[in-house]
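What the coordinates show
Spelled out from the first residue to the last, the chains are:
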Amino acid sequence: MLAAGFQAREYQKKIAEVARAANTLVVLPTGLGKTMIAVMVASEVLDASPTSKAVVLAPTRPLVLQHFQSFKKNLDLPETSFAVLTGTVDPGTRELLWLKSRVIFATPQTVYNDLRHGRVSMKEVGLAVFDEAHRSVRDYTYTKLAEAYRELADHPLILGLTASPGSSRARLDEIRKSLFIEKIEARTEESEDVREYVERTDIEAIKVKVPAEYYDVTLRLREVFNEKVKRLVSGGFLRDNRVSKKALLEARATISSRLAAARAHGGPSGYIFGAIFSQAQAVVVLHALEMIETQGAPSLDRYLKRLKDKEDKGKATSALIKDPRWLRIEEESEKLRALEHPKVGVLVEVVGEQLAKNPESKVIAFTQYRDTIEDIVKALGRSGVSAQRFVGQSDREGSEGMDQETQAAALERFRKGDFRVLVSSSIGEEGLHVPDVDLVIFYEAVPSEIRFIQRRGRTGRTTQGRVVILLAEGTVDEAYYYTTLRKQNRMHELVGRADQRPPRRRAKNPTLLDFA
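Here the residue numbering is sequential within each chain, running from 1 through the sequence in written order. Totals for whole chains, interfaces and linings use every residue, but because this is a predicted model, local features are given only for residues with pLDDT of at least 70 and side-chain atom pairs only at 80 or more, for both listing and counting. Hydrogens and waters are ignored; side-chain quantities use all the structure's heavy atoms.

Here the focus is the environment of glutamine 407. The numbering of helices and of strands both runs from the N terminus, where a helix is a DSSP run of H or I of at least 4 residues and a strand a run of E of at least 2. By the secondary structure assignment, glutamine 407 is in helix 16 (residues 404-416). Residue classification places glutamine 407 among the buried residues on the basis of a relative accessible area of 3%. Under this definition, polar contacts are N or O atom pairs within 3.5 Å; protein pairs additionally need one hydrogen-donor-capable and one acceptor-capable atom, and for neighbouring residues in sequence, both atoms have to be side-chain atoms. Polar contacts involving the side chain of glutamine 407 include one to the main-chain carbonyl oxygen of valine 391, which spans 3.1 Å. Throughout, exposure labels follow a simple rule: accessible area from a 1.4 Å probe, protein chains only, divided by the maximum for the residue type, with under 20% read as buried, over 50% as exposed, and the rest as partly exposed.

In this section: the pattern of salt bridges. Salt bridge, as applied in this entry: a Lys or Arg side-chain nitrogen positioned within 4 Å of an Asp or Glu carboxyl oxygen. One pass over the full model with this rule turns up 37 salt bridges. Between glutamate 478 and lysine 207 there is a salt bridge, with its nearest N and O atoms 3.0 Å apart. On the criterion of sequence distance, the pair formed by glutamate 478 in helix 18 (residues 476-498) and lysine 207 in strand 8 (residues 201-208) is long-range, its members being 271 residues apart. You can call glutamate 478 buried: its relative accessible area is 16%. The residue glutamate 293 makes a salt bridge to arginine 222 at a minimum N-O spacing of 3.0 Å. Note that glutamate 293 is positioned in helix 10 (residues 270-295) and arginine 222 in helix 8 (residues 215-234), a separation of 71 residues in sequence. On the basis of relative accessible area, arginine 222 is assigned to the partly exposed category, the value being 34%.

Locating alanine 83 in the fold gives a position in strand 3 (residues 82-85). By relative accessible area, which is 3% here, alanine 83 ends up buried. Residues alanine 83 and phenylalanine 105 lie 22 residues apart in sequence; the distance between their C-alpha atoms is 6.2 Å.

The following block contains the structure:
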């Protein structure tokens with residue numbers, strides 16, 4: 001069933017052997033062939049029964065198409081055995097393709113919807129592959145689909161694939177329970193059986209001074225922010241004044257539960273409504289702070305203008321933007337809007353040095369914000385470097401989205417070398433295969449070890465790689481960077497021990513059978 005010339009590495013064979021016998025989560029660094037392990041397991045499952053099917057799931061259509069090409073190339077099956085099912089294919093055609101095909105590639109939402117409407121059957125599916133398995137938490141469709149598959153298939157077998165399941169035991173346990181995982185096969189770059197296949201990736205953090213001209217605006221924003229936080233602390237909704245965005249979002253849940261309790265028991269609730277205002281305003285102010293410190297005054301100015309022009313601001317934001325201190329911040333921000341963050345110049349310099357060493361280099365620059373993407377593309381263009389943006393489908397921050405066909409075309413042009421730098425939002429972090437990227441630049445640090453590993457994994461796949469992370473000195477950039485490094489180390493320790501302890505089975509929830 002494997003195509004002629006298919007060659008597997010020894011660790012891939014070992015992992016595939018385990019995965020053929022039990023529900024398995026494979027944790028393997030990017031570029032070390034997780035997909036090939038899935039191909040090997042699928043080959044054995046399909047060989048064992050002429051009526052069995054394999055379903056390969058991925059969260060986005062570009063990833064689905066990528067898997068389709070990989071499996072088609074590496075399995076010796078007629079072309080009609082393979083089918084791609086996404087929301088762009090009409091339901092009637094999907095139903096027919098499901099019946100005729102043996103290897104099906106789809107987004108989880110599509111399969112789950114078809115399952116609910118009786119268009120497809122899981123009965124003969126002998127293998128379900130869940131790519132980017134770290135998404136199998138909370139209410140993501142993977143969790144519902146895995147439960148339905150386990151309930152409805154004659155001989156269910158689950159294979160989860162990820163480069164980074166996360167650094168907390170609770171999250172890993174949740175993934176294991178959601179996918180009914182029995183075995184974890186984990187490797188790091190230092191694992192003995194993969195070390196020879198790993199290309200070295202050099203990681204360099206460059207600290208960049210925030211312009212002195214930003215100081216007054218930053219100070220005014222901190223004054224407003226500290227006032228909101230102090231109110232939340234005094235009300236018992238926050239523990240202390242050192243507050244992250246995550247802590248603020250969690251505070252909202254605390255406020256909501258206390259409000260529900262007050263209403264249920266007829267207790268005082270006026271101060272709780274005040275806390276709702278303070279929490280919502282604190283989130284807005286903290287975002288503004290991050291914009292000026294890590295992205296720059298031009299990005300802050302655009303954010304403040306969009307906030308002002310937004311029709312459905314909500315009462316808390318409407319009150320905030322009428323605050324005389326906020327109006328002063330808007331005025332100062334507008335005066336600074338031409339003063340870009342020094343990170344932009346550093347990024348252009350780093351790219352220039354890379355292209356001077358190797359004019360054929362491919363570079364990916366990651367940033368979280370559309371405004372910054374546009375600024376970087378323009379700055380690179382002014383310096384004579386060809387660059388193109390890569391963003392998601394929705395329109396955001398005054399920037400037009402890219403549909404999936406446009407995304408695929410941009411990636412193909414990048415692979416061919418039509419331009420040197422792909423400037424990407426988070427859409428480019430997850431799973432997309434772009435060979436031989438020489439340099440990856442983080443315009444800002446990210447607070448998630450999963451995203452850190454995914455960004456870093458775009459380079460060092462087939463040749464030595466380099467990662468440069470730009471950190472605005474004395475800002476959240478530095479806190480995120482060091483926190484993420486600790487989380488990454490903790491994740492490696494966690495997955496190394498995880499297979500030694502069985503996951504706690506979750507209570508049985510209502511299934512599709514109950515629904516029927």
